[in-house]
Structures are given as C-alpha cells and as structure tokens.
Amino acid sequence: MNKNTIIKYIPTKVYLNLRWWDFKVTRHQDFLEIQKLRVRETTEWGSYKPFDEKKAIFVHIPKCAGVSVNKALFGNLAGGHTTLDQYINVYEPSLFLDYFKFTIVRNPWDRVVSAYSFLKKGGMNKWDSEFYEREMRGFSTFKDFVMGWLNETNINKHHHFRPQLDFIVDKHRKVTVDFIGYLENIDEDFDYISSKLGVNTKIDKINTVPRDDYMSFYDEESARVIEDIYRNDISKLNYHFSGVTQYQRKIHL
C-alpha cells in the first residue's frame, strides 16, 4: 500500500494534526516566522491577522480579483498568494476546519490573457518584471507566447500561470475550500461572502490592466493549448471557452 492510499483513509482531522505538528517540529523557525503574520498590523502588506478576526481564510488565486477582495474584506493584502496546502501549516487543525475557507476563480482562457497583459505592463514588483524579461519578452505576440512558452512545466515558474486547483486543494486531496466564487458572478458571490463574514462593503476594481475582451486574443489553435494545459481547472470548475456551464461551489474530492 503506497503513501497516498494510506493518507486517503486517515481521518481529516488526524491528517491535519499530523501535517501541522510535522511542520511545527521539523521547520520550527519557519513556523515561528509564519505565526508572526497572525499578529501583524498593516494596511498595505500581507497579514493573517484578519483571518483570525473574521474566522475566515481567503485563498487568493492570482489574477482573480484577489487584491480587491482582500482590501474590501480585510483592509490589507491578507494572505497574499498562500495556497490552501500552506494554510494547513499556519492554523491549528480545529481552527482550519472551523474557519470559512473561500476563493474566487476565473475562466482559464481569460486568466492567461490577464496574467500575460499584467506582466507585460511590468507586474507588481521587481520579481514580476524580471520574470517577464527572462521568460516572456522574446515572444512578439500573445499567440507566440502561448504556442512557444505555455506548457505544463513552464506554468509552474510563476504563480500567475499555475493551475487554480493547485491553490484550493491540498497536495494529498484531503481538504479544499468551503465556497468557490466566480469572477464572472463576482457581485452576487461577493455579497454572499461578505454576509458570511459579517462585513457590509462593496468591492472595487484594483490592480486591473485595460485590454480587449480575452476571446479576441485567441484563434482555434491557441485556444486548444489552454484547453489542454488547464484541462483539470476547466473540467472541475465547469468552464468552457466563452463562459461557465454551471457554478461549481465546491470541489468534490
């Protein structure tokens, strides 16, 4: 019996305890540094403190309105692009299970165009701009970039291109978020999320790059590349090229 088969039959709470204690003991210094983020006071940078205050964890998938959601609900950048798998190392298992865990997802074809446009404009920091210079500048058009660079190895070089499921399902497929909101339904979904958190606020568009509709960036050939590379996101989240077949509020493990 292999490791994954054994893990499959371990009760979820036991699994979370094993993961949390293993990280706390074997990477104790990292654990202590992470715990500092749970008490960090800031209005500009990342902090896990609002999650403890609101009893909620937002998994911010890049290019899915996460900055706007964080600012509106938590007043700062909250957890940044921390994945659900990494949050297992942050929170005591009882809290992890109790907190309302949610995310916002986006049409994969649209998200790739957004990431490409964002990085082409310089991104948010030096790391983004250096990545663009190193990996992307050599492609003269979006289609050239998709056909020449986008593959299952390269998409893991930058979190803006990582599959969305990587952020919202842990590495052993034991836990996932409690609610999936859709960028395509952001107003209604944000109202539901904010009511769950007891926050009366509206979402503003932040960190956006003006551009044409994403569908205009593709032809049949380049659209198929996205369909192949992000096939799991497309299947599990019920997307097709021009929209959503049905909103999938939770991933069934």
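You'll find the structure just up there.
None of these values were measured; they are calculated from a predicted model. All chains use their own residue numbering, which begins from 1 and follows the written sequence. Thresholds applied to this predicted model are a pLDDT of at least 70 for local features of residues and 80 or more for the giving and counting of side-chain atom pairs; totals over whole chains, interfaces and linings are not thresholded and use all residues. Excluding hydrogens and water, the side-chain figures rest on all heavy atoms present in the structure.

### Quick word on the pairing of strand β2 (residues 100-105)
Okay, step 1: Classification of residues uses two cut-offs on accessible area relative to the type maximum, computed with a 1.4 Å probe and protein chains only: under 20% is buried, over 50% is exposed, and between them is partly exposed. Elements are defined by DSSP. Helices are runs of H or I of four residues or more, strands are runs of E of two residues or more, and each kind is numbered from the N terminus. Burial of β2 is extensive: six of the six residues sit out of reach of the surface.
Okay, step 2: Residue alternation in β2 divides its side chains into two sets, F100, F102 and I104 and K101, T103 and V105, and both sets are buried.
Okay, step 3: With four bridges joining them, β2 and strand β3 (residues 179-182) adopt parallel strand pairing. Residue pairing in the sheet places T103 in a bridge with I180 of β3. A pair of strands is labelled paired if DSSP reports no fewer than 2 bridges between them.

### Some thoughts on the nonpolar core
Okay, step 1: Take the buried residues of types Ala, Val, Leu, Ile, Met, Phe, Trp, Tyr and Cys, join any two whose side-chain atoms come within 4.5 Å, and each joined set is a nonpolar core. Ranked by size, the top nonpolar core spans 70 residues in total, and within it F102, L150, F161 and I168 carry the most contacts.
Okay, step 2: Examining the composition of this core, we find that seven residues originate from one element, helix α8 (residues 108-120), more than from any other.

### What to know about the sheet that holds β2
Okay, step 1: Pairing within the open sheet is parallel, and its three strands lie in the order β1-β2-β3. Two strands bound the open sheet, and with one partner strand each, they are β1 (56-59) and β3. Neighbour-to-neighbour, the strand axes of this sheet turn through a mean angle of 25 degrees, independent of strand direction.
Okay, step 2: Pairing of β1 with β2 involves four bridges; the strand directions are parallel. From the neighbouring strand, V59 faces β2, where its bridge partner is T103. In this analysis an axis means a line fitted to C-alpha atoms, helices contributing only their contacting stretch, and an angle means the value between N-to-C directions, from 0 to 180 degrees.

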